[in-house]
Amino acid sequence: AQSVTQLDSQVPVFEEAPVELRCNYSSSVSVYLFWYVQYPNQGLQLLLKYLSGSTLVKGINGFEAEFNKSQTSFHLRKPSVHISDTAEYFCVPLKTALIFGKGTTLSVSS
Amino acid sequence: DVKVTQSSRYLVKRTGEKVFLECVQDMDHENMFWYRQDPGLGLRLIYFSYDVKMKEKGDIPEGYSVSREKKERFSLILESASTNQTSMYLCASSLISGSNADTQYFGPGTRLTVL
């Protein structure tokens, strides 16, 4: 069974619109969850992570994510996106190692 | 700042050649990882290592081997390169414990083309 499902492979939005990138994880993995971002022609970098404590996690560049145990979700949100947020986003649970899925491509246009 | 470096950004090899991809990290991280990234497939874990001389298979180890003789260096070896190993290869490292445990820091990647 897949450990994580990113429900949308592509998300096109207009600049300054809100965005939510959806992620559901399998209950068989640990509840350590990460969001990584890969900007065009750049390496992967950590956006935010949930290990324990507050279920609302704030990351870099105005992104936040909420861990929801009952719905096994860890959706990523930003209230107002910029063109520079165009990138590929990966929701990643930690098992023995981080388990990367296919990602969601966020395309922000003006 | 953590720095993870990979020996080459671009590499072109012929089918059947033995290929070495080198990765070095400078933050004394215990864990090191090799992934490949392919369009539509995301990142897939090939091998990882949690200590010197220790290695564990990831999801797609076939056709690859690894070597970790020193803590800072993790090598990925393609014993006999094949065209289906054309891909972007990413190295990462992380700590085992502490506030930044499990956060993986990635290198810039090596784009390997096998002809």
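Above this text is the structure in question.
Since we're looking at a predicted model, the values are computed, not measured.

**Considering the overall build of chain A**
Then step 1. Scanning chain A from terminus to terminus reveals zero helices and eleven strands.
Then step 2. Computed over C-alpha atoms, the radius of gyration of chain A comes to 13 Å, within 12% of the 13 Å expected from 2.2 N^0.38 for 110 residues, which places it in the range of a compact globule.
Then step 3. Considering only C-alpha atoms, chain A reaches an extent of 40 × 25 × 20 Å along its principal axes.
Then step 4. Classification of the 110 residues of chain A by burial places 46% in the buried group.
Then step 5. Counting only contacts in chain A whose residues sit at least 6 apart along the sequence, the fraction spanning at least 24 positions is 54%.
Then step 6. Across chain A, the mean location of the 8 positive side-chain charges is 12 Å away from that of the 8 negative side-chain charges.

**Remarks on a nonpolar patch on the surface**
Then step 1. Taken together, the side chains of Tyr-50, Met-54 and Ile-96 of chain B define a hydrophobic patch exposed on the protein surface, amounting to about 250 Å² of accessible area.
Then step 2. Met-54 of chain B sits in the partly exposed class, given a relative accessible area of 35%.

**Regarding the side chain of Ser-75 of chain B**
Residues and elements named next belong to chain B.
Then step 1. Among the structural elements, Ser-75 can be located in strand S8 (residues 73–78).
Then step 2. Overall, the relative accessible area of 8% leaves Ser-75 in the buried class.
Then step 3. For Ser-75, the side chain forms a polar contact with the side chain of Glu-22, separated by 2.6 Å.
Then step 4. Not counting chain neighbours up to four residues away, the residues in contact with Ser-75 comprise Leu-21, Glu-22, Trp-34, Ser-65, Val-66 and Ser-67.

**A short note on the pattern of salt bridges**
Then step 1. Going through the model one piece at a time under the given rule, you end up with eleven salt bridges over all chains.
Then step 2. For Lys-18 of chain B, the salt bridge identified is with Glu-79 of chain B, shortest N-O distance 3.6 Å. Note that Lys-18 of chain B is positioned in the loop between strand S2 (10–13) and strand S3 (19–25) and Glu-79 of chain B in the loop between S8 and strand S9 (87–94), a separation of 61 residues in sequence.
Then step 3. Note on Lys-18 of chain B: relative accessible area 45%, which makes it partly exposed.
Then step 4. The class of Glu-79 of chain B is partly exposed, set by a relative accessible area of 43%.
Then step 5. Linked by salt bridges that have partners in common, Glu-20, Glu-66 and Arg-77 of chain A make up one network.

Cut-off values and rules
Residues numbered from 1 in each chain as written. Chains lettered and ligands numbered in written order. Predicted model: local features only at pLDDT ≥ 70, side-chain atom pairs only at ≥ 80, totals over all residues. Heavy atoms only, no water. Helix = DSSP H or I, 4+ residues; strand = E, 2+ residues; numbered from the N terminus. Rg over C-alpha atoms; globule rule 2.2 N^0.38 Å. Buried < 20%, exposed > 50% of the residue type's maximum accessible area, 1.4 Å probe, protein only. Contact = heavy atoms within 4.5 Å. Lys, Arg positive; Asp, Glu negative; His and termini not counted. Charge placed at Lys NZ, Arg CZ, Asp CG, Glu CD. Patch = residues over 30% accessible without salt bridge, like charges linked within 9 Å, V, L, I, M, F, W, Y side chains within 5 Å. Areas by Shrake-Rupley, 256 points an atom, 1.4 Å probe, with all protein chains shown as cover. Salt bridge = Lys/Arg side-chain N within 4 Å of Asp/Glu carboxyl O. Polar contact = N/O pair within 3.5 Å; in protein donor to acceptor, adjacent residues only side chain to side chain.

The quantities given are spatial measurements derived from coordinates; they are silent on function.
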